Amino acid sequence: MVPDFKQKRPLAQAGRALAASLLIATGAALAPAPAARAALPTLGDGLELTAAAERKLGDRIIRELYRDPDYIDDAVLHEYLVGIFGPLRAAARARGELGADIDERFAWELLMGRDRTVNAFALPGGYFGVHLGLIGVTATRDELASVLAHELSHVTQRHISRLIAQQGRQTPLMIGALILGALAASKSPDAAQALMVGGQALAVQNQLNFSRDMEREADRIGYGLMQPGGFAPQGFVGMFDKLQQANRINDNGSWPYLRSHPLTTQRIADMQSRIAHDAPRPAPASMEHLLMAARARVLMRPGQDAWRQWLAAPQDAGFAARPASERATAWYAATLSAVQLSDWQAARRAVAGLRDAVQGDAPAVRQARLLGAEVEMAAGAPAAALAVLDEMPTAGTPARPELVLRTQALLRTGDAAAMTGPLQTRVATHPQDAAAWLLLAQVWRQQGQNLRAVRAEAEAQVAHHDYAAAVDRFKAGQDLARKSAGAADYIEASIIDTRLRAVESLLREQAAER
Ligand SMILES: [Zn+2]
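Residues numbered from 1 in each chain as written. Predicted model: local features only at pLDDT ≥ 70, side-chain atom pairs only at ≥ 80, totals over all residues. Heavy atoms only, no water.

Asker: I'd love a proper account of the environment of Phe210, names of residues and values included.
Answerer: Its place among the elements puts Phe210 in the loop between β6 (203–205) and α10 (212–229). The spacing of Phe210 and His159 is 51 residues in sequence and 7.4 Å in space, taken between C-alpha atoms. The residues contacting Phe210, other than those within four sequence positions of it, are His154, His159, Ile160, Leu163 and Glu215. (Helix = DSSP H or I, 4+ residues; strand = E, 2+ residues; numbered from the N terminus. Contact = heavy atoms within 4.5 Å.)

Asker: Help me get a handle on the environment of Ser161, residues and values and all.
Answerer: The topology assignment puts Ser161 in helix α7 (residues 159–166). Each C-alpha atom of the pair Ser161 and Pro124 lies 7.2 Å from the other, and the pair is 37 residues apart in sequence. Reaching out from Ser161, the side chain makes a polar contact with the backbone oxygen of Arg158 at a distance of 3.0 Å. (Polar contact = N/O pair within 3.5 Å; in protein donor to acceptor, adjacent residues only side chain to side chain.)

Asker: If you had to explain the pairing of strand β4 (residues 120–123) to someone new, which residues and values would you point to?
Answerer: Burial along β4 is two-sided: Ala120 and Ala122 and Phe121 and Leu123, pointing in opposite directions, are all buried. Judged from the 4 bridges that link them, β4 and strand β5 (residues 127–131) form a sheet pairing that is antiparallel. For Phe121, the partnering residue across the bridge sits in β5 and is Gly129. Counted along the chain from β4 to the antiparallel partner β5, the turn is 3 residues long, and its residue Gly125 has a positive phi close to 80 degrees. (Buried < 20%, exposed > 50% of the residue type's maximum accessible area, 1.4 Å probe, protein only. Pairing = 2+ DSSP bridges.)

Asker: Residue-level account of the packing of helix α14 (residues 287–299) against helix α18 (residues 362–378), with values.
Answerer: Where α14 contacts α18, the two axes come as close as 8 Å, and the packing angle between them is 30 degrees. It follows from the interaxial angle that α14 and α18 lie roughly parallel. For the pair α14 and α18, the sense of crossing is left-handed. Where α14 approaches α18, its residues Met287, Glu288, Leu291, Met292 and Arg295 are matched on the opposing element by Pro363, Ala364, Gln367, Leu371 and Glu374. Counted by class, the contact of α14 with α18 contains 6 nonpolar, 1 polar and 3 charged residues. (Axes fitted to C-alpha atoms, helices over the stretch in contact; angles between N-to-C directions. Parallel < 35°, antiparallel > 145°, perpendicular 65-115°, else oblique. Left-handed = near helix turned anticlockwise from the far one by under 90°. Nonpolar A, V, L, I, M, F, W, Y, C, P; charged D, E, K, R; others polar.)

Asker: Go over unusual backbone geometry, please, and point to the residues and values.
Answerer: The phi dihedral of Arg301 falls on the positive side, at around 50 degrees, and the residue is not glycine. Looking at the element boundaries, Arg301 is found in the loop between α14 and α15 (304–312). With a phi angle near 55 degrees, Ser342 is a residue other than glycine that sits in the positive phi range. By the secondary structure assignment, Ser342 is in the loop between α16 (324–340) and α17 (344–357). Exposure remark for Ser342: the relative accessible area of 46% places this residue in the partly exposed category.

Asker: Before we move on, could you go through helix α19 (residues 382–390) and cite the residues and values that matter?
Answerer: Residues Pro382, Ala385, Leu386, Val388 and Leu389 constitute the buried set of α19. Around the axis of α19, the buried residues are gathered within 160 degrees of arc, so they sit on the same side. Turned more than 90 degrees away from the buried face of α19, the exposed residues are Ala383 and Asp390. Elements that come into contact with the buried residues of α19 comprise α17, α18 and α20 (400–413). (Arc of directions from axis to C-beta.)

Below you can see the structure in the form of structure tokens.
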């Protein structure tokens with residue numbers, strides 16, 4: 001369990017308390033006035049939260065997570081996670097586990113944290129958090145899928161809404177604070193304690209844990225999603241083995257997933273009996289998974305020593321005799337470590353080794369090319385990055401990693417106008433893609449379309465549910481339109497007026513919910 005702290009400011013009951021570094025920004029709101037509390041319409045007496053209320057609560061929580069310095073929008077890893085999550089969600093839908101109401105209303109978004117800790121969690125409203133530490137320890141795609149299937153099932157079975165409903169008369173703001181606090185403490189118990197001692201932190205209670213029955217249900221339902229989702233159910237066993245080993249080594253705080261998901265003998269016995277009924281199916285690790293796990297390990301900032309070790313690893317005696325998947329993994333880690341160390345020559349050498357090792361494995365070949373383009377961009381050679389991207393087949397709409405890299409490269413060479421269409425398509429189909437909005441803003445700015453650029457910047461804030469910041473940008477757009485009267489783009493100006501009104505109304509709604 002999480003470490004015990006003495007509560008300095010009890011919120012409701014005595015008990016275990018967690019400190020929350022994330023809460024400092026919103027701390028003032030933690031003690032709502034009684035009047036505001038009584039105005040709360042959405043939580044309380046029901047057994048479950050409505051889907052709409054749960055989604056709003058989730059939006060509020062992730063707005064803070066997007067501001068967290070550990071939040072990472074890595075297009076490559078995000079696409080990989082989405083590629084696992086999508087089939088699981090489709091399986092839940094096909095099996096009748098996912099009700100139409102929450103299927104439509106929830107966000108179904110995955111947020112990644114740079115954290116080294118092994119953790120994944122479900123948030124209200126269909127948001128999921130995945131730490132790079134978790135991706136980094138998984139040996140197969142199936143193991144990673146098992147964790148996502150379990151977390152997804154907490155949401156489809158409405159466990160979160162039931163927990164929140166149990167919080168009785170607490171306001172959404174307080175529930176949000178509880179969740180953010182528990183997250184912050186699970187990330188780094190030491191940091192939380194230090195803040196506590198400093199008297200800076202706000203105490204919140206650890207009262208949002210799932211019951212054992214809920215855990216067993218998430219295991220059972222999640223397990224059922226694996227085969228129909230295209231994953232080997234044995235992924236669950238591999239993950240349980242890992243958790244059990246970590247349990248034996250004893251929990252030093254780097255496995256918060258283990259704290260929130262204690263391995264009871266019952267859970268393990270349930271899983272073993274399920275496996276016994278299924279025909280055994282081997283689950284070999286795909287090369288792409290090994291590369292993605294290596295990417296996660298490098299990007300979670302393990303420190304210069306680790307990067308230097310990974311960079312040197314392919315020089316080991318006997319390296320050339322190792323299996324291709326092992327060599328590819330080592331070359332991938334070496335390349336990305338060299339980028340972190342700003343050693344472009346070493347990065348280019350390593351990526352050549354990678355390209356040699358992945359031959360014949362199409363997904364891994366693509367990952368090697370993406371990494372090659374990333375190396376050239378980091379080295380300040382956008383034309384070379386474009387040359388690497390051009391080696392890849394481009395049928396139809398580019399995938400997000402290609403779209404992002406190509407736009408970044410063309411912005412540097414000053415030829416990004418061609419990306420306007422693909423980016424507009426992207427934000428039309430994925431309005432929550434803040435990074436795509438920001439790229440579109442840069443592309444428009446480069447073309448002298450400043451009004452459009454400001455609007456895209458505002459939409460990026462909307463995508464992260466920061467309505468106050470969005471209103472500021474839309475108003476800046478109105479000012480700009482007024483100043484450039486005559487040459488103004490009237491259609492664009494009227495779009496800004498309409499969007500401003502809509503977002504102001506969202507902002508008022510959010511303020512009223514305190
Ligand atoms: Zn769970």
